[in-house]
Amino acid sequence: MHYKEHLVISGIVNGLLLFILYGVFGVDFFQVELIIPLMVTVYIFSILPDIDHPASHISGILYLFVIYLFGSSIYDFYKTLNPMDLLKIALAIGIFIIHIKYAEDSYLHRRFPHTFTFGVLACIILYFLVNSILVTIIGLVSFVTHILCDGHIYQAIERDKSMWKLIGFKISKIIHK
């Protein structure tokens, strides 16, 4: 499915959810401080699972972010000589290298970012960034909508199960030493 289709379907599902929340519980999502984070969250989380494909729309957004982070950090370091800017430069380079090494250009690219574990982790990070349960729920709905639209629910669950089994095995090995 193309990213535009993911955005449209996620927008419809989230729109319905928000109108139900508004009608039943009186949740006012029309507040100025909520509307932009809600729109950005729907946009990002609707296409986030495809970050493991280098030619995806979300990968393009990531590359723009990395270029911005890299360029602004070099500029800031040049102006202030703050060592924290060197860490930002290293972070930008690290994100770029990890993405290039991890992303796979094939139809079979669906790996960790196409798991519910990745979605939950992304939503936890989102909550810490925006401090809003409503925005976080919209992020989770957008993410799950992407997985549903891809038709890979069973594969996502199987990847989660095998990953947690592997992690559980490693944790139990460490505990029983």
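None of the values given here were measured: they were computed from a predicted structure.

This part takes up the side chain of Ser-10. Along the chain, Ser-10 falls in helix α1 (residues 3-25). You can call Ser-10 buried: its relative accessible area is 0%. Among residues more than four places away in sequence, those in contact with Ser-10 are Val-42, Ser-46, Ser-142 and Thr-145.

Across all of its chains, the model carries 2 salt bridges by this definition. Of the charged contacts, one joins Lys-88 and Asp-85 as a salt bridge, the two residues approaching to 3.7 Å between their closest N and O atoms. A residue pair is termed a helical-turn pair when its members lie 3 or 4 positions apart in one helix, as Lys-88 and Asp-85 do in helix α4 (residues 83-102) at 3 residues. Residue classification places Lys-88 among the partly exposed residues on the basis of a relative accessible area of 35%.

For the rest of this paragraph, the subject is the layout of surface pockets. Of the voids in this model, the largest pocket is the one considered here, and its volume is about 550 Å³. Lining the largest pocket are 15 residues, and of these Leu-48, Ile-51, Leu-62, Ile-95 and His-99 sit closest to its centre. Elements represented by at least two residues in the lining of the largest pocket include exactly α3 (57-80) and α4. Per-element tally for the lining of the largest pocket: the top contributor is α4, with 5 residues. Residues of the lining of the largest pocket, tallied by class, amount to 13 nonpolar, 1 polar and 1 charged. Approximately 310 Å³ is the volume attributed to the second largest pocket. Residue lining of the second largest pocket: 14 residues in total, with Ile-44, Phe-45, Ala-122, Ile-125 and Leu-129 positioned closest to the centre. Those elements that provide at least two residues to the lining of the second largest pocket are α2 (32-47) and α5 (116-130). In terms of residue count, the dominant contributor to the lining of the second largest pocket is α5 (7 residues). Residues belonging to the lining of the second largest pocket are distributed by class as follows: 13 nonpolar, 1 polar and no charged.

Analysis parameters
- Residues numbered from 1 in each chain as written.
- Predicted model: local features only at pLDDT ≥ 70, side-chain atom pairs only at ≥ 80, totals over all residues.
- Heavy atoms only, no water.
- Helix = DSSP H or I, 4+ residues; strand = E, 2+ residues; numbered from the N terminus.
- Buried < 20%, exposed > 50% of the residue type's maximum accessible area, 1.4 Å probe, protein only.
- Contact = heavy atoms within 4.5 Å.
- Salt bridge = Lys/Arg side-chain N within 4 Å of Asp/Glu carboxyl O.
- 1 Å grid on protein atoms, 1.4 Å probe; cavity = no way out; pocket = protein on both sides within 12 Å on 5 of 7 lines; lining within 4 Å.
- Points joined across faces, edges and corners; volume = space filled by probe spheres on them.
- Nonpolar A, V, L, I, M, F, W, Y, C, P; charged D, E, K, R; others polar.

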